[in-house]
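Listed below, chain by chain, are the residues.
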Amino acid sequence: MEDERDWRTQGNCRTADVDQMFAPGVAQNTAKAVCNGCPVRPECLTYALDHREWFGVWGGMTERERRTLLRRHPTATSWRQILQSAPERQAS
């Protein structure tokens, strides 16, 4: 398994303003745009879901979107497996 620190150094957000990625409301759309085309978007989203990150945009999803996904899959133990088996864009 790849060291989780590796994906963090490869994300599009590594050069973004941190406050932008944790913006409230409609400003989250700007943060989500940073995630478009990110090479580590699935790893980022997996991390956020597995670790229950409650704030910010992770893997192109807001906290509200992630909470909805978590409610749909309350028994999930490995988001990596779920996201890998899902059709492209199902989780976004």
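Since the structure is predicted, the reported quantities are computational estimates derived from the model, not experimental observations. (Residues numbered from 1 in each chain as written. Predicted model: local features only at pLDDT ≥ 70, side-chain atom pairs only at ≥ 80, totals over all residues. Heavy atoms only, no water.)

Peer 1: How should the packing of aromatic side chains be read in this particular structure?
Peer 2: By convention here, two paired aromatic rings are described through the distance between centres and the angle between planes. With the rule as written, the count across this model stands at three aromatic pairs. Centroid distance Phe22 to Trp58: 6.5 Å. Interplanar angle 80°. Geometry classified as edge-to-face. Taken together, the residues span a long stretch of sequence, with Phe22 in the loop between helix H2 (18–21) and helix H3 (28–35) and Trp58 in the loop between helix H4 (41–50) and helix H5 (63–72) at a distance of 36 residues. Joined through ring pairs, the aromatic side chains of Trp7, Phe22, Tyr47 and Trp58 make up one cluster. Seen from the ring of Tyr47, Arg8 lies directly overhead, with NZ or CZ sitting 4.4 Å from the centre. (Phe/Tyr/Trp six-rings, centres within 6.5 Å; stacked < 30°, edge-to-face > 60°. Helix = DSSP H or I, 4+ residues; strand = E, 2+ residues; numbered from the N terminus. Lys NZ or Arg CZ within 6 Å of the ring centre and 35° of its normal.)

Peer 1: In this structure, what is going on with the environment of Thr62? I would like to understand it.
Peer 2: Position of Thr62 among the secondary structure elements: in the loop between H4 and H5. Thr62 sits 39 residues away from Ala23 along the chain, and the two C-alpha atoms are 9.8 Å apart. For Thr62, the contacting residues outside a window of four places in its chain are Gln28, Lys32, Gly56 and Val57. (Contact = heavy atoms within 4.5 Å.)

Peer 1: Teacher, can you tell me more about the confidence of the model for the chain here?
Peer 2: In low-pLDDT regions, the fine details of the predicted coordinates are not to be read closely. Mean pLDDT for the chain: 86, with 87% of residues reaching 70 or above. Per-element mean pLDDT across the chain ranges from 76 in helix H1 (residues 4–8) up to 94 in H3. (pLDDT = per-residue confidence, 0-100.)

Peer 1: When you look at H3 in this model, what are you seeing that I'm missing?
Peer 2: Along an α-helix, residues three or four apart share an orientation, since each turn contains 3.6 residues. Of the residues making up H3, those classed as buried are Gln28, Ala31, Val34 and Cys35. When H3 is viewed along its axis, its buried side chains cluster within an angular range of 105° and face the same direction. Residue Gly37 follows H3 closely and has a positive phi angle near 75°. (Buried < 20%, exposed > 50% of the residue type's maximum accessible area, 1.4 Å probe, protein only. Arc of directions from axis to C-beta.)

Peer 1: Would you take a moment to explain the pattern of salt bridges for this structure?
Peer 2: Side-chain pairs of opposite charge can arise where the charged atoms are in close proximity. Under the defined criterion, the tally for this structure stands at one salt bridge. The closest approach of N and O atoms between Lys32 and Glu65, which form a salt bridge, is 2.8 Å. One end of the pair, Lys32, is in helix H3; the other, Glu65, is in helix H5, with 33 residues separating them in the sequence. By relative accessible area, Lys32 is classed as partly exposed at 21%. (Salt bridge = Lys/Arg side-chain N within 4 Å of Asp/Glu carboxyl O.)

Peer 1: Where do I start with unusual backbone geometry in this structure?
Peer 2: Of all residues except glycine, most have a negative phi; of all peptide bonds, most are trans. In this structure, Arg52 takes a positive phi of about 50° despite not being glycine. For Arg52, the location among the structural elements is in the loop between H4 and H5.

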